[in-house]
Amino acid sequence: MTGERHTRPWWARLRLRLPLGVAAGSATAAVELGFLAVAAVALVVSAPAPAAGRRVTDLTRRYAGQLVHLERRRLAGLLAADEPPAAHEVATRRQVGYLAARLLPGALGLLAYAVLGIGLVLAGIVLHAAVRGQLSIVDALSQVAVGVVLLLLNIQALASIAALDVRLARRLLRPGRQAELTRRVQELTTSRAAVIAAVDAERQRIERDLHDGLQQRLVALGMLLGRARRARDADRTRALLAQAHEDVQRAVEELREVAWRVYPSALDASDLGEVLAMVARGSEVPVRIRCDLPLRPARQIETVLYFVACEALTNAAKHAAATLVTVEIGVREGWVRMRVHDDGVGADLTGRGLSGLARRVAALDGRLGVTSPAGGPTTVLAELPCG
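Note that the structure is predicted; figures quoted are calculated from it, not measured.

Q: Hey, could you run me through the overall build of the protein in this one?
A: Summing up its helical and strand segments, the protein has 12 helices and five strands in all. For the protein, the proportion of its 387 residues judged to be buried stands at 32%. Long-range contacts, defined here as pairs at least 24 residues apart, represent 73% of the contacts in the protein between residues at least 6 apart. By element, 62% of the accessible surface of the protein is carried by carbon and sulfur atoms, the whole surface being about 23100 Å².

Pasting the structure below:
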């Protein structure tokens with residue numbers, strides 16, 4: 001969405017908020033000019049006293065951060081630009097440098113509106129002369145043509161000033177390379193810890209499944225076979241062996257389910273759409289799947305999407321009382337996007353399963369969003385970069 005918005009021509013992006021954003025930018029530039037002037041005078045005056053200088057520096061940092069925050073809000077709200085990092089993430093020197101650089105688009109915006117005002121006055125004069133019959137039709141049409149051209153140029157100037165304003169914010173408010181590397185290291189550290197926690201939680205879940213389900217079934221199977229061995233009646237023995245055979249089949253199914261929770265081996269031979277179709281056939285809720293992937297994504301991406309879909313289907317069946325689940329998978333702007341939507345009454349978003357999925361998705365630099373208002377419906381959206 002972001003790339004599309006900024007590649008469209010200026011006339012497609014022109015809305016009422018663009019001229020308002022430029023006008024507000026000129027007003028805030030005047031405030032920032034006064035702030036920079038006062039700050040410069042205060043720093044010069046307080047230079048002989050180190051304690052006073054530190055106090056002035058702290059106040060400059062605080063108010064510069066507030067002004068930068070105001071500019072971020074203006075850019076996001078009026079100019080529909082992506083918000084740069086928060087003010088506290090940017091060094092004070094960069095904040096002040098940005099406020100100083102902002103004086104240029106502010107002055108250009110003021111000049112553009114001054115020219116527009118002069119044009120409106122001249123248009124009024126021409127209109128008055130035309131009404132009084134002081135202009136011929138040819139002169140009036142030529143004046144209208146010139147006025148329209150100047151108006152279009154003025155509108156283009158406002159769009160260019162807005163683009164300059166956004167470009168300055170992106171260039172000067174983005175963190176430096178060192179800060180970006182530090183942030184990335186922190187994200188990787190957090191992601192690694194989250195992955196370890198997710199693995200431990202999955203191991204605990206598997207242990208519970210084996211202990212509470214499969215282990216008890218095998219113990220019961222052993223007791224059943226012991227009874228069959230001690231039985232003296234042949235019919236009784238055959239009945240016990242038939243029951244034991246059924247228990248073995250159920251144990252195999254449970255073991256297969258536990259193994260699939262660890263690793264969906266079906267992805268070795270089939271793609272994600274086919275594997276999800278297999279899961280849908282065993283679902284308690286009808287599932288409609290639409291998989292539109294021009295190329296098969298990386299294996300780890302398929303695995304994560306598989307787990308997200310399975311967890312969403314489980315929640316829809318157990319908690320949401322859904323009657324239909326729709327799974328849509330596609331590629332958009334370099335991201336594999338899967339949307340799971342059900343028509344149920346809503347689900348609990350604080351469960352351990354969803355938090356584990358969020359960690360799985362974050363480990364691949366992806367995004368997981370879940371919306372489930374009271375009364376439903378529930379939508380799970382997973383996006384993973386496919387490079």
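Q: Explain the nonpolar core to me, please; I cannot follow it from the model alone.
A: Most often, soluble globular proteins have nonpolar side chains that are buried together. Core analysis: the largest hydrophobic core is formed by 32 residues, its most contacted members being Leu305, Tyr306, Val308, Ile329 and Met338. Counting only elements with at least two residues in this core, the list comes to α10 (272–281), α11 (299–318), β2 (325–332), β3 (335–342), α12 (352–363) and β5 (378–385). By residue number, the principal contributor to this core is α11, which donates 11 residues. Among residues more than four places away in sequence, those in contact with Ile329 are Leu272, Leu276, Arg290, Cys291, Asp292, Leu293, Val336, Arg337 and Met338.

Q: Help me out: how do you make sense of the pairing of β5 in this one?
A: Every regular strand shows the same layout, with side chains that alternate between the two sheet faces. For β5, a buried count of six out of eight residues is recorded, marking the element as mostly surrounded by other parts of the structure. Relative to β5, β3 is paired through eight bridges, and the arrangement is antiparallel. Bridge pairing in β5 links Trp335 to Pro385. Examined bridge by bridge, strand β4 (residues 367–371) and β5 share five bridges and lie antiparallel to one another. Across the sheet, the residue bridging to Leu368 is Ala382, located in β5. Where β4 hands over to β5, the hairpin turn is made up of six residues, of which Gly375 adopts a positive phi near 90°.

Q: So what exactly am I meant to see when it comes to the side chain of Thr28 here?
A: On the secondary structure map, Thr28 appears in helix α3 (residues 17–46). A polar side-chain atom of Thr28 sits 2.8 Å from a polar atom in the side chain of Glu71. Each residue touching Thr28, except ones within four places of it in the same chain, is listed here: Leu70, Glu71, Arg74 and Arg102.

Cut-off values and rules
- Residues numbered from 1 in each chain as written.
- Predicted model: local features only at pLDDT ≥ 70, side-chain atom pairs only at ≥ 80, totals over all residues.
- Heavy atoms only, no water.
- Helix = DSSP H or I, 4+ residues; strand = E, 2+ residues; numbered from the N terminus.
- Buried < 20%, exposed > 50% of the residue type's maximum accessible area, 1.4 Å probe, protein only.
- Contact = heavy atoms within 4.5 Å.
- Areas by Shrake-Rupley, 256 points an atom, 1.4 Å probe, with all protein chains shown as cover.
- Core = buried A, V, L, I, M, F, W, Y, C linked by side-chain atoms within 4.5 Å.
- Pairing = 2+ DSSP bridges.
- Polar contact = N/O pair within 3.5 Å; in protein donor to acceptor, adjacent residues only side chain to side chain.

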